[in-house]
Amino acid sequence: MRTLYRALLCVAFAIVCSPNTFAQSKDDGVLRILAVGNSFSDDGTEYIPALLANLGVKNVEIARLYVGGCSLKQHTDFYKKGESPYIYTTSKAGENRWTEQSKHHSLKAALAEGEWDIITLQQRSGDSGIYSSFEPYLGELITIIKQAQPNARIAWHMTWSYSTNSRHNDFARYERSSQKMLEAIYDATHAATEAHPEIEIIIPCGTAIQSLRQSAINNSPRDLTRDGYHMGEGAGRYALACTWYEELIEPYTNISMVGNTLRVNKGSVNVSPIVATYCQRAARMAVRHNFTIREVKHVGREMRRAKRGNKEKIIE
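Residues numbered from 1 in each chain as written. Predicted model: local features only at pLDDT ≥ 70, side-chain atom pairs only at ≥ 80, totals over all residues. Heavy atoms only, no water.

What about the overall build of the chain?
This is how it is decided: Runs of E in the DSSP output that reach at least two residues are strands. Runs of H or I that reach at least four are helices, and both are numbered from the N terminus. Only protein chains enter the area calculation, which uses a 1.4 Å probe; residues under 20% of their type maximum are buried, those over 50% are exposed, and those in between are partly exposed. The contact criterion used throughout is that any non-hydrogen atoms of two residues lie within 4.5 Å. Using a 1.4 Å probe, accessible areas were evaluated by the Shrake-Rupley method; residue-level cover was limited to the displayed protein chains.
What the chain contains, in helices and strands, is 11 helices and nine strands. Here the chain, with 316 residues, has 57% of them falling under the buried criterion. Across the chain, every contact between residues at least 6 apart in sequence was considered, and the portion connecting residues at least 24 apart equals 74%. With an accessible surface of roughly 13000 Å², the chain has 49% of that area assigned to carbon and sulfur atoms.

Right, dumping it as structure tokens:
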């Protein structure tokens, strides 16, 4: 599957932009990713620019459209009504830092900004395990995207379950069980990908986080979150960045995030060298097996593979 993914990416990058796009042609060698989401996609992508810089990757551009708690239905309604409620931030290739471009952006405008290679979608967290909440909006969004960006690959951001002690109102829909919520997320993801073959990629963040929750670095009952549902600013967000990178970016750059020296001195679980290796291994295992939770135990190999010559970059 990974080999096929690389081959498809190479084909996609060989396609010349259509005349009505205004970004650089696809032979510029830049991978462009657009995340259409909410605070969970912000959690997932927050540290990607720093990770790219740490790995020396200068040919990846990321943008994100953010509305807090935004559902698939809301994304669709905003588009149909021509509304511009999104905060739009970008990380340009080579700059590798987030810059806010607009506080009032629209999905239509973002889709018109050149040719995107990958566009990610997700459901709001409370509905993430309830497939009936996806439709018909997921199908409508896919149609909207494919009409504007026919060459873009669609990725599904499979998010994580709430923490053991979460007080989120929607947690009751899953009997206040983190495991049951994740199982429901798995079922909904399977249903979405079966109904929509246009979804070619799964970003398995829920699996990576659940594996870490069974490891020595977990801080139960907070379970790597900062408030019971958003990921903590330390190991949680770092693990998500590693997962996004390994699933979407590594097949293009052929540079693995394993051994990166990005460190984070924030949140309740700081990213020390040891914690980093736990997160890297959880991310890599989840990318290889999207729906298989495995306890992360042995980390010595990843520590020995730390990128030589790379100084630690510390986020504080």
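A closer look at the packing of aromatic side chains
The following threshold applies: Stacked, edge-to-face and tilted are the three classes for Phe, Tyr and Trp ring pairs, Trp counted by its six-membered ring, which pair at centre distances within 6.5 Å; planes under 30 degrees apart are stacked, over 60 edge-to-face, the rest tilted.
Counted by the stated rule, this structure contains seven aromatic pairs. Plain terms: the ring middles of Phe134 and Trp156 are 5.3 Å apart, the flat faces sit at 35° to each other, and that makes the pair tilted. Here the residue Phe134 occupies a position in the loop between strand E5 (118–121) and helix H6 (137–148), and Trp156 occupies one in strand E6 (residues 153–158), the gap between them amounting to 22 residues. We note that Phe134, like Trp156, is buried.

Observations concerning the confidence of the model for the chain
Spelled out, the test is: For every residue, the predictor states its confidence as a pLDDT score lying anywhere from 0 to 100.
Averaged over all residues, the pLDDT of the chain equals 91, while 87% of them reach at least 70. Here residues 1–25 is modelled with pLDDT under 50, and outside its nearest four sequence neighbours on either side it reaches 41 contacts, counting other chains as well.

Here's the deal with the sheet that holds E6
For clarity, the cut-off: A pair of strands is labelled paired if DSSP reports no fewer than 2 bridges between them. All axes are obtained by fitting lines to C-alpha atoms, using only the stretch in contact for helices, and the reported angles, taken between N-to-C directions, cover 0 to 180 degrees.
The sheet built from seven strands is open, its strands ordered E4-E3-E2-E1-E5-E6-E7 with mixed pairing. On the outer flanks of this sheet lie strand E4 (99–105) and strand E7 (199–204), each paired with one strand and no other. Adjacent strand axes in the sheet meet at a mean angle of 20°, parallel and antiparallel pairs treated alike. With five bridges connecting them, E6 and E7 associate as parallel partners. Counted as the bridge partner of Ile154 is Ile199 from E7. Packing of H6 onto the sheet brings it into contact with E5, E6 and E7, and relative to E5 it is tilted by some 165°.

With respect to the packing of helix H9 (residues 235–253) against helix H10 (residues 273–288)
Quick note on the threshold: To sort the angles, those under 35 degrees are grouped as roughly parallel, those over 145 as roughly antiparallel, those from 65 to 115 as roughly perpendicular, and the leftovers as oblique. Helix crossings are classified by the rotation of the near helix relative to the far one: an anticlockwise turn of less than a right angle makes the crossing left-handed, while a clockwise turn makes it right-handed. Under the convention adopted here, Pro, Cys and the residues Ala, Val, Leu, Ile, Met, Phe, Trp and Tyr are nonpolar, Asp, Glu, Lys and Arg are charged, and Gly plus all remaining residues are polar.
Two elements in contact, H9 and H10, have axes whose closest approach is 8 Å; the angle formed by their N-to-C orientations is 40°. Taken together, the axes of H9 and H10 are oblique relative to one another. H10 is crossed by H9, and the crossing has right-handed handedness. Along the contact surface, H9 presents Ala235, Tyr238, Ala239, Cys242, Thr243, Glu246 and Glu247, while H10 presents Val275, Ala276, Cys279, Gln280, Ala283, Arg284 and Val287. Residue composition of the contact of H9 with H10, grouped by class: nine nonpolar, two polar and three charged.

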